[in-house]
Amino acid sequence: MTINKLAKAYGFLWALRDLNLDLPSGAFVALLGPNGAGKTTLLKLLAGMIAPTTGSILVDGATMAASNPAARRQIGFLAPSDHLYENLTVWENLRFFTSLYERNDRATSIESALAAVGLAQRRDEFVANLSSGLKCRVSIAKWQLLQPGLLLLDEPYGVLDGNGVDLLEGFLRSHCQQGHIVIMASHHVSRALNLCNRAMILHQGKLTFDEAKQQPWPTFAQAFGEFLPHGESWLS
Amino acid sequence: MTQSKKRKGILGGLALVAVAIGLYWSLAVAPPDAYQGEVQRIMYLHLPSILTAYLSYFLVFIGSGMYLWKREKRDDLLAHAAAELGVLFTALTIIEGSIWGKPTWGVWWTWDARLTLTAILLLIYAGYLMLRSLIDDENRAASAAAILGIIGFLDIPLIHMSVYWWRTLHQPPSILRPDKVPWENVHPAMLTALTISFVGFLLLYFYLLSLRYRVGEMRQEIKALRLERGA
Amino acid sequence: MALLKQTYLLLCKDLLLELRRRDSLLTMFFFGTLLLFVFHFSFDLAPDKIAEMAPALLWLAFLFTGTLGLAQLFQAERENHCLDALLLSPLDRGALFLAKTSFNLILMLLVELVVMPLFWILFNLSAWNLLPQLFLVTLLGTIGFCVLGTIMSALTLRARARELLLPLVLFPLMIPVILATIRCMESVLRHGEFGEAVSWLKLLVGFDVIFITVGVLIFDWVLES
């Protein structure tokens, strides 16, 4: 994925400025930064939910633009217990989204995806009747089926319990190993750093740090230390 | 004084002068109408008012279109300012029309085609302003208003057609419509008065537009300053 | 065509949801019938006068009933941020517009199919043979209403006082449709055929075509933030 000179302005305010990025396949990026830095804006731009003021995003060579909805087939946004229709069953939800993305909508694929997250018995239950942990599993099954080349997450740890966290992290790791890109914005720095193989820091709309992970990582500690008022030891 | 303030000052001054001359010409120099007498003089305000309102709505359309295309805040500011002024001038037109209508026809209001259309225009753009004020997110409000601005403008010819068909198919044309301009047999002084009034109104309109636009700009600047201060 | 396929997919999903709960359909149906009763009590008129007023009363009933449906239109998408899910998918926004318009159209047509004969019965009107022509006019008018209504419903999605704002911005723009349908219906009832009202029909068709096209092209911008 390549990003060229991306910028987004709201009125006279620039939420994101002069962003240039080049991500290889298999990258797992931890997107960090203080509140209001522009992480959510960047993720929404990548997801195609808002249009950039200037600049372009290329995924596998295809430009993401409003006139090119097909390019969005490669993009996924994992919101753990969101983006599911409450009054449709688990099965119907998966069927709907796989048809929409034109991917893996055969009954056998959906069945095996459900089995992989342990929900084969609950395929005909309404999503409204599921706990948020189970909804998270449905989301994982959904994105497992849709196989996006670029998977985005915005603060996923908020609604998850211990089980959910393990499931999610397992899925993300295997997704990355298949050569896809994952970008996760999170305030849980330790967990994010654990999973990732690259870190980016956004500050006031600008990308101030972008490096592949190293052990130890003094440059990261320095860059990140600028935001942390009290020095913490989070790198094991 | 900065450049633009000076220019605005000149514009305002010119507007004042033009309106003053226009008033003098309409009230003192032009002769009273052969049929309606002195009351007819309100036409010198009424006609320029509605024409200015039409201009305003056209600017809303242009501003809305440009905003959707380029997403530059200044187009949105223009559309907003023009909509407010459009509503103002339309309301003025209707009030002036009422004042003209009472002594001429005996009624404050009648549902003839042109009056109805003017009222509908007022409703559409009042709705535009309401839409803006009821959406909290400023950028969403700007986009939504721009769409409404375009759709409203596209609908106006259809509304115009339908109201005119309705009124002409089912009712005889009204006797004396105060906004009908008789170009033949018109005293040259009346035409001059009308023209001067119109020029005066145009200048006044652009002066007010520039002021209102500036207010919008300043609001944006304050927002930016506040955010910078807070960050 | 991808556009039509996606429209069909979304429409089926909405119809399935509606079949399950029948929230919108039932409320619209009962509201339409309720309005008929209210009209009966409000307009205490002789039978021939009722025939004159029938088109206007019917259309008023449909307008208000339709507005109810419009307010509910994006309800399924508001839960769990499903609208975001749709926006991020490879969905053509025009397909979403067509699907929602068709959905509201189907609901309104179902209600009209029942309310129109009911109106005839309750108000003791004759001329049953004219119902098909009247229904054609109603169909064209309802299409116009659903098209503009869907756009406005999406525009006001995140506004405060949404239920009040929606009719406020929609109704003035609907005036050509209101005038055209009522005049057409009047002509049919008076002369038994369209006659000179054909020009109104053409206006209706023109309105529908223009705003369906505008809607498909413009819906990208309607939903974007």
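When helices and strands are counted, chain B shows six helices and zero strands. Along chain B, from the amino end to the carboxyl end, the secondary structure elements read α-α-α-α-α-α. Taking all 231 residues of chain B together, 39% fall into the buried category. Long-range pairs, those at least 24 residues apart, make up 80% of the contacts in chain B between residues at least 6 apart in sequence.

Right, let's get into helix α2 (residues 23–42) of chain C. Residues and elements named next belong to chain C. With 20 residues, α2 ought to run about 28 Å at 1.5 Å a step, and its terminal C-alpha atoms sit 28 Å apart, in line with that. Along α2, the residues that are buried comprise Ser24, Met28, Gly32, Leu35 and Phe39. The buried residues of α2 occupy an angular sector of 70° when projected down its axis, which confines them to one face. Seen from the buried face of α2, the exposed residues on the opposite side, beyond 90 degrees, are Leu26, Phe30, Phe37 and Phe41.

Turning next to helix α2 (residues 90–101) of chain A. The first and last C-alpha atoms of α2 of chain A sit 17 Å apart over twelve residues, in line with the 16 Å expected at 1.5 Å per residue. Among all positions of α2 of chain A, only Val90, Asn93, Leu94, Phe96, Phe97, Leu100 and Tyr101 of chain A are buried. Looking straight down α2 of chain A, one finds its buried side chains confined to an arc of 160°; they lie on one side. Of the surrounding secondary structure, the elements contacted by the buried residues of α2 of chain A are α3 (107–116) and α4 (132–146) of chain A together with α1 (2–21) of chain C.

The next subject is the interface of chain B and chain C. Contacts between the two partners involve 26 residues from chain B and, on the opposite side, 24 residues from chain C. By residue number, the principal contributor to the side of chain B that touches chain C is helix α5 (residues 138–170) of chain B, which donates 15 residues. Residues of the side of chain B that touches chain C, tallied by class, amount to 17 nonpolar, five polar and four charged.

This paragraph deals with the confidence of the model for chain C. All names here are of chain C. Here chain C averages 88 in pLDDT, while 99% of its residues score no lower than 70. Per-element averaging of pLDDT across chain C places helix α3 (residues 47–71) at the bottom with 86 and helix α8 (residues 162–173) at the top with 93. Among the prediction metrics, the complex's ipTM stands at 0.87, with pTM recorded as 0.87.

Chain-level pLDDT for chain B is 82 on average; 89% of the residues reach the 70-or-more range. For chain B, the element scoring lowest by mean pLDDT is helix α1 (residues 3–29) of chain B, at 78; helix α4 (residues 113–134) of chain B scores highest, at 92.

Calculation notes
Residues numbered from 1 in each chain as written. Chains lettered and ligands numbered in written order. Predicted model: local features only at pLDDT ≥ 70, side-chain atom pairs only at ≥ 80, totals over all residues. Helix = DSSP H or I, 4+ residues; strand = E, 2+ residues; numbered from the N terminus. Buried ≥ 20, exposed ≤ 12 C-beta atoms within 10 Å, placed from the backbone. Contact = placed C-beta atoms within 7 Å. Expected span 1.5 Å × (residues − 1). Arc of directions from axis to C-beta. Nonpolar A, V, L, I, M, F, W, Y, C, P; charged D, E, K, R; others polar. pLDDT = per-residue confidence, 0-100.

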